[in-house]
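# Tertiary structure, described
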Amino acid sequence: MRFPSSIFVSVSLFTAETTAALYLSSTYRSAGDQIWQGLTLLFTLLASVLVQLTLTFIHRDLNRDRPLVLFLHLLQLGPIVRCLEAFCIYGSVGRVEEPYVSITRKKQIPCGGQAEEVERHVGQAEGKLFTHRAAFARTSVIQAFLGSAPQLTLQLYICVLQRGLSVGRGTLMVISLLSIVYGALRCNILAIKIKYEEYELDIRPMAYFSIFMWRGFEIATRVVVLVLFSSVLKLWVLPVVSLNFIAFFLYPWVLFWLSHSPFPENIEKTLSRLGTTIVLCLLTFLYAGINMFCWSAVQLKLSDPDLINKSQNWYRMAVYYMLRFLENALLLLLWYLYKTDFYNYVCAPLLLLQLLVAYVIGIFFMLVFYQFCHPCRKLFSSSMTQDLWDCSMLLCLSCNAPLPENRLVESTDKGLKSPDASRETSDHSGYGTPNDTTFDLLDDSTYDIPIELGPSVGSETYGAIGYTVAIATHQGLQKL
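For the structure given in this document, a descriptive report is provided here.

Cut-offs and rules
Residues numbered from 1 in each chain as written. Predicted model: local features only at pLDDT ≥ 70, side-chain atom pairs only at ≥ 80, totals over all residues. Heavy atoms only, no water. Core = buried A, V, L, I, M, F, W, Y, C linked by side-chain atoms within 4.5 Å. Buried < 20%, exposed > 50% of the residue type's maximum accessible area, 1.4 Å probe, protein only. Helix = DSSP H or I, 4+ residues; strand = E, 2+ residues; numbered from the N terminus. Contact = heavy atoms within 4.5 Å. Axes fitted to C-alpha atoms, helices over the stretch in contact; angles between N-to-C directions. Parallel < 35°, antiparallel > 145°, perpendicular 65-115°, else oblique. Left-handed = near helix turned anticlockwise from the far one by under 90°. Patch = residues over 30% accessible without salt bridge, like charges linked within 9 Å, V, L, I, M, F, W, Y side chains within 5 Å. Areas by Shrake-Rupley, 256 points an atom, 1.4 Å probe, with all protein chains shown as cover. Salt bridge = Lys/Arg side-chain N within 4 Å of Asp/Glu carboxyl O.

Attention now goes to the nonpolar core. As a rule of thumb, soluble globular proteins bury nonpolar side chains together. In this structure, Phe 145, Ile 290, Phe 293, Leu 332 and Tyr 343 are the most contacted members of the largest nonpolar core, which totals 58 residues. Per-element accounting of this core gives the leading share, twelve residues, to helix 5 (residues 124–162). In this structure Phe 145 touches Pro 150, Ile 180, Gly 183, Ala 184, Gly 289, Ile 290, Phe 293 and Cys 294, once residues within four positions along its chain are discounted. Core analysis: the second largest hydrophobic core is formed by 26 residues, Tyr 199, Ala 207, Val 368 and Leu 379 among them.

With that settled, consider the packing of helix 8 (residues 234–259) against helix 9 (residues 273–293). Angle between the axes and distance between the axes: these two values describe a pair of packed helices. Packing of helix 8 against helix 9 leaves a shortest axis separation of 8 Å and a crossing angle of 130°. As summarised for this structure, helix 8 and helix 9 are arranged oblique, according to the angle between their axes. Note on packing geometry: the crossing formed by helix 8 with helix 9 is right-handed. Residues Val 241, Asn 244, Phe 245, Phe 248, Phe 249, Tyr 251, Pro 252 and Trp 253 of helix 8 touch helix 9, and the partners they reach there are Leu 280, Cys 281, Thr 284, Phe 285, Tyr 287, Ala 288, Gly 289, Asn 291 and Met 292.

A separate point is a nonpolar patch on the surface. Together, Leu 68, Phe 71, Leu 74, Leu 75, Leu 77, Ile 80 and Leu 84 make up an exposed nonpolar region whose accessible area comes to about 700 Å². Listing elements by their share of the nonpolar patch, those giving two or more residues are helix 3 (67–74) and helix 4 (78–91). A per-element tally of the nonpolar patch places helix 3 first, with three residues. Looking at the secondary structure, you find Phe 71 in helix 3. For Phe 71, a relative accessible area of 46% translates into the label partly exposed.

These figures come from the coordinates and say nothing about function on their own.
Structure (structure tokens):
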């Protein structure tokens, strides 16, 4: 049985960040900064309350006679109690005979052949420890993006306004950044375990390192961009943040409405329809908070019984990073145009370039992870890099305006002969359909449209070929 190190890290970050935030709020109170004190306490207590509720919900303490545990949760000491309970369970393994064991079957990652199922005997203690790990993995994500992320943004903004960095504020910022990156890492691991739950996973240290670097550069760049923009355009930061948050909050609900699926009723048997709605709203609220700062590895699908989209959509990831890069570049450009005299001591063009390069470095580590370090990369039906490149090419081609149909007719009359083009296009309309694992967005055969050129091939003929390619691109978009 593995040592519960992830539980220890989660509780350590939670305790350290809460302690640092309480100390910093006391310094704000001494200095008379009541607004900064209130916001610092708000982000700390909001995340702490949500963590207590999550632990209580996962362990189903409301249906059990455990008044002391519930009282400790009210005192915001739930994670510490759960950590001690997990270590007690780990220490008792082997000393007490298990009354019964369960048998689980997992597939091994195939190494060229077929996957083989392996049986494992799971004791009662190991099952309880698994529940603790799953609970703390989810609380780490909640703590990271509903507490640490806004806390880090707030403290960095205060540093810019006050033109100084105190020891207490710097300590809280470092702990908050580590908490966000760790929460994003746990989100990635959680997504992998959910999508490939039937396989025995072996996550190597290099995979953890690549995820840590990917999330570190991505999140740090995003926070700095938001702070720089808000420091010069204070009235516009609220619309920008609200638009991002509302768009990601409504996105799962729009997909659910378009799927015409029934309302999910199997989240928890004891929950009413109103309770289920509240849980789904909190889940989409967390999803929006994650996507505000980085790409959410866990994609919601409310029409699915598990509420998770288990397919790997490279197209959606490519669109997200392209739009996020453009948004960061636009916010930095606005900051550069409207920057105040306060930024005269920094080289603004160099800082702008460094932030964009840091974001690109984060994307580079993401590609390294999926191409070389992903534990289930052998299950991908095609290369992730090639799929993302095809997505980018598809988006670029779709931006070109198609030529009118009369241009195609004129070119055909002047020498372009393609009697079977329409038939071949319809025959390929169902070709290259993305599968559930890799979403091959653009198959080479989509452009395999036979065209016979006549004796005179001029510029208009090439215009007709471009129009034909545009038709194929439109069909590719319809497949997505």
